[in-house]
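# A look at the structure
Okay, here's what each chain looks like letter by letter:
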Amino acid sequence: MAVSPGAVGSPISEGFGVLDALPIAVRLEDFSSLSNVWAALDEREKTSSRDEIGATNGVVAGLVERIGILYANRAALQIYGASDIADLSAIIGRLRASEPYRRIYVDFLNSLTAGSEAVEREHEVRLRPATSMILRSVVRRLPAEWLGPRDVVWTEQDITRQRATETQLRLSEVRLEAVVAHAPVAMTLEDLDGHVLLANPKATELFGIRASRRRRDGHPAERTYPPRVLSDISRRVIDCGNQVGANIEVPGADGTRKVDLIKFPISVAEQDPIAIGMVGIDVTDQRRVEAEARRLAEELAYAERRVSVGEMSLALSPEVSQPLAASRCYARSAIRRRRAGVGDLA
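Okay, so let's go over this structure. (Residues numbered from 1 in each chain as written. Predicted model: local features only at pLDDT ≥ 70, side-chain atom pairs only at ≥ 80, totals over all residues. Heavy atoms only, no water.)

### Considerations on the side chain of E29
- Considering the arrangement of structural elements, one finds E29 in strand β1 (residues 25-30).
- Side chain to side chain, E29 and R27 meet in a polar contact 3.0 Å long. (Helix = DSSP H or I, 4+ residues; strand = E, 2+ residues; numbered from the N terminus. Polar contact = N/O pair within 3.5 Å; in protein donor to acceptor, adjacent residues only side chain to side chain.)

### Re the packing of aromatic side chains
- This structure, assessed with the given rule, holds zero aromatic pairs.
- A cation over a ring is seen here: R27 above W154, with NZ or CZ 4.5 Å from the ring centre. (Phe/Tyr/Trp six-rings, centres within 6.5 Å; stacked < 30°, edge-to-face > 60°. Lys NZ or Arg CZ within 6 Å of the ring centre and 35° of its normal.)

### Concerning the side chain of E156
- Among the secondary structure elements, E156 is positioned in strand β5 (residues 152-158).
- Here E156 falls in the buried class, since its relative accessible area comes to 1%.
- Within polar-contact distance, the side chain of E156 engages the side chain of Y80 at 3.0 Å.
- Of note is the side chain of E156, whose polar atom sits 3.2 Å from the side chain of S137.
- The contacts of E156, once residues within four sequence positions are left out, are I24, A25, R27, I79, Y80, Y101, H123, L135, R136 and S137. (Buried < 20%, exposed > 50% of the residue type's maximum accessible area, 1.4 Å probe, protein only. Contact = heavy atoms within 4.5 Å.)

### A closer look at the sheet that holds strand β10 (residues 275-282)
- The sheet built from five strands is open, its strands ordered β7-β6-β10-β9-β8 with antiparallel pairing. Looking at the sheet topology across the chains shown, the edges are occupied by β7 (196-199) and β8 (244-252). Between one strand and the next, the sheet's axes are offset by a mean angle of 25°, whatever the strand orientation.
- Sheet topology places strand β9 (residues 255-266) next to β10; eight bridges connect them, and they run antiparallel. Following the sheet pairing, I266 is matched in β10 by A275. (Pairing = 2+ DSSP bridges. Axes fitted to C-alpha atoms, helices over the stretch in contact; angles between N-to-C directions.)

Next up, the structure:
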C-alpha cells in the first residue's frame, strides 16, 4: 500500500507537513505482504512448544528484508543520512540483514506478534565502523481501518548526546560523592524542614546524624533531624539568607569535641533557598595544640625573665662585691687592732 501526502492544503497534506516538522523520526512500514504469515503466527501463539516458537522466530527473521517503508519524515532521513525513502529503505535493509540489528528488529516483531500494541526499546545503530548512535525506538501497530491491515508506525529519537551527557553527569556525581565521602570535614545537606538529605561519614562521626532514607515519592521515610544546636543555626540562615558561622562543642564518647562550622543557603538562579549546606571542622586537636603552645610560650617567657635577672646580677656583681670586700677587710683590720690594743679606733 502506498501513502500519498495528498493535495496541497488538504488535511492529509497538512498532517504530513506536521510530521515533517517534528524533531523525532517517524516512518510507516507496510506489513500487508505478510498477511498470510501473520495468520500463521497467530495460530502458533496458541502453543507453548519451544520448537514451534523457535520456528516462528525463524520465519519472522527470514522475512525481515521484505518489509517496505511507505513514509518517512525529514528527521527519519536525517538520522540515517538518507536522501529519500528509497535510500532509507536500502540503509535500513542493510542494517536488518546484519547482526546485532537483525536480532533487535526480530525482537520488535516478536513482541508485536505476541499481542503488544506498542514496543519500546533503546538500541545502538552503527551506520559506519567508527560512527554509532543510540536510538529510542517505539513501534506501534495501527488499526486495520486506518491505513493497512498490518501497518506499523516507527518513531525514533537519537539520544546519543543525551546518554553521553547522562554518563558524564553520573561520573561527576560519583566523583562528587567520593570527594564528600572521603572529605576530612563534616558535610551535610538538609531541606528547609530540617531533614538531613546528605551526611558524609565525618558528619555521622561528629554529630551522630545520617541521611534520611527516601520513599519512592521522594519524601523522607524517617524524620532524621540534626542536633538542636545545628537546627538553631539553620533557622538563622533561613532568617538572614546568608551564611552563618559558629563555634560549638559536641559531646562524644571520647569527650567533648570542639567544632567550627559554617552553614549556608543553597538556591537556584538566585531564588529563595531550597536547602541548607554545612561544613564542619573538628578543631579539638587544633585547640589542644594551641593551648599547649600558649602554655609553652608562657613557660618560655618566664624562663627568659629568669635569665634576664641572672644576667643583670652578673653585670652588677663586680660593682657590689668590691665595696663589700673592702668594707669587710677594714672591719677585720679594726677588730685585730682593737684586740691588740693598738691605736685609737675612733
